[in-house]
Amino acid sequence: MKARPYHHGDLRAALLTLAEDTLRARGPAELSLRELAREAGVSPAAPSRHFKTKQALLDALAIEGFQRLTSAMDTALEQTGETFAHRLTALARTYLGFATANAALLDLMYGRKHDPDASTDLITAMHRLKDLATDLIADGQRRGEVREGPVDLLSLPLFVALQGLTQLAVSGGFPADQIEAGVDETIAFILRGYAPSRSE
C-alpha cells in the first residue's frame, strides 16, 4: 500500500501541496480532486471533507499564495531600513523573487480577482497585499520622501512596474543578468517618480 504523504489531520495541507505541484508542472486544467486523492493515498471522497469542488481547492491555493507572499513582504520590510528607498527596494525584490519562483501560482492568485463569485477570504487576501504597497507610500508621504497625492492613485505605477518586470522575468525572453540590472533601474525610476517636487 502506498504510504500516505501526510500526517494525521493534515490532509488539507497535503492536498494543497500536491495541487501546487500539479499547477506548477501541468497547469490548473490538469488538477483533479480524484487524482489528488490517489496521490495522497486516500479514498476519492476524502478531499471533499476539505474542498467541495475543484474551484474551492483552487481558491484555497490562491489564498495561501497571497498569505505566503504577504508574509514574505512583511518579513522583508521588518528586516530593512526605515527610508522609503530601502523599503521600496525590499518590497520590489521580494515580490519579484516570489513571482518568478511561483509564476503559475501567481497567475492563479490574480486570475479570480474580477470574478463575481470570488470568495470574501480571497478578496481579503488580495487587499492585504495591496495594503502593503499603499501603506508604504503613505508612510513615505508622512516622512516627506514621497510627493503628495492620493495614495491609491500613486500606488498604481508601482503595481504596473512590478507586474511588467515580473512578466519580462518569467517570459524567458531576457537573460537573468539583464533582468537583475532592470530591477535596479526600475526601482530608481519609481523613486524618481515618487520624489517630492522642490515646491513641496
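What you are looking at is a predicted structure, and each value in this text was computed from that prediction instead of being measured. (Residues numbered from 1 in each chain as written. Predicted model: local features only at pLDDT ≥ 70, side-chain atom pairs only at ≥ 80, totals over all residues. Heavy atoms only, no water.)

Q: Could you clarify how one ought to interpret empty space enclosed by the protein in this entry?
A: To find leftover empty space, one rolls a probe the size of a water molecule over the atoms. The full count for this structure, using the stated rule, is two cavities of 30 Å³ or more. Approximately 80 Å³ is the volume found for the largest cavity. As for the largest cavity, its lining consists of Met73, Leu91, Tyr95, Tyr110, Leu129, Leu132, Ala133, Phe159, Leu162 and Gln163. For the lining of the largest cavity, the elements supplying multiple residues, two or more each, are α4 (84-101), α6 (120-142) and α7 (151-171). (1 Å grid on protein atoms, 1.4 Å probe; cavity = no way out; pocket = protein on both sides within 12 Å on 5 of 7 lines; lining within 4 Å. Points joined across faces, edges and corners; volume = space filled by probe spheres on them. Helix = DSSP H or I, 4+ residues; strand = E, 2+ residues; numbered from the N terminus.)

Q: What is the right way to read the packing of α4 against helix α8 (residues 176-194) from this model?
A: Geometry of a packed helix pair, given as the angle between the helix axes and the separation of the axes. It is the contact of α4 with α8, at a shortest axis distance of 10 Å, that shows an interaxial angle of 140 degrees. Classed by the angle they form, the pair α4 and α8 counts as oblique. For the pair α4 and α8, the crossing hand works out as right-handed. Along its contact with α4, which presents Phe84, Ala85, Leu88, Thr89, Ala92, Arg93 and Leu96, the element α8 presents Glu180, Val183, Asp184, Ile187, Ile190, Leu191 and Tyr194. Here the residues of the contact of α4 with α8 are counted per class, giving 10 nonpolar, one polar and three charged. (Axes fitted to C-alpha atoms, helices over the stretch in contact; angles between N-to-C directions. Parallel < 35°, antiparallel > 145°, perpendicular 65-115°, else oblique. Left-handed = near helix turned anticlockwise from the far one by under 90°. Contact = heavy atoms within 4.5 Å. Nonpolar A, V, L, I, M, F, W, Y, C, P; charged D, E, K, R; others polar.)

Q: Looking at this model, I keep getting lost on the pattern of salt bridges. Mind explaining?
A: Applying the stated criterion across every chain yields a total of 11 salt bridges. Of the charged contacts in the structure, one is a salt bridge between aspartate 21 and arginine 24, with a shortest N-O distance of 3.7 Å. With aspartate 21 and arginine 24 both in helix α1 (residues 11-26) and three residues apart, the pair spans about one turn of that helix. By relative accessible area, which is 41% here, aspartate 21 ends up partly exposed. Given the relative accessible area of 47%, arginine 24 is considered partly exposed. (Salt bridge = Lys/Arg side-chain N within 4 Å of Asp/Glu carboxyl O. Buried < 20%, exposed > 50% of the residue type's maximum accessible area, 1.4 Å probe, protein only.)

Q: Looking at this structure, I do not really get the environment of alanine 76. What am I missing?
A: Note on placement: alanine 76 falls in helix α3 (residues 54-78). Of the residues examined, alanine 76 reaches a relative accessible area of 15% and is grouped as buried. The sequence separation of alanine 76 and threonine 89 amounts to 13 residues, and the corresponding C-alpha distance is 9.6 Å. In contact with alanine 76, not counting residues within four places along its chain, are Ala90 and Thr94.

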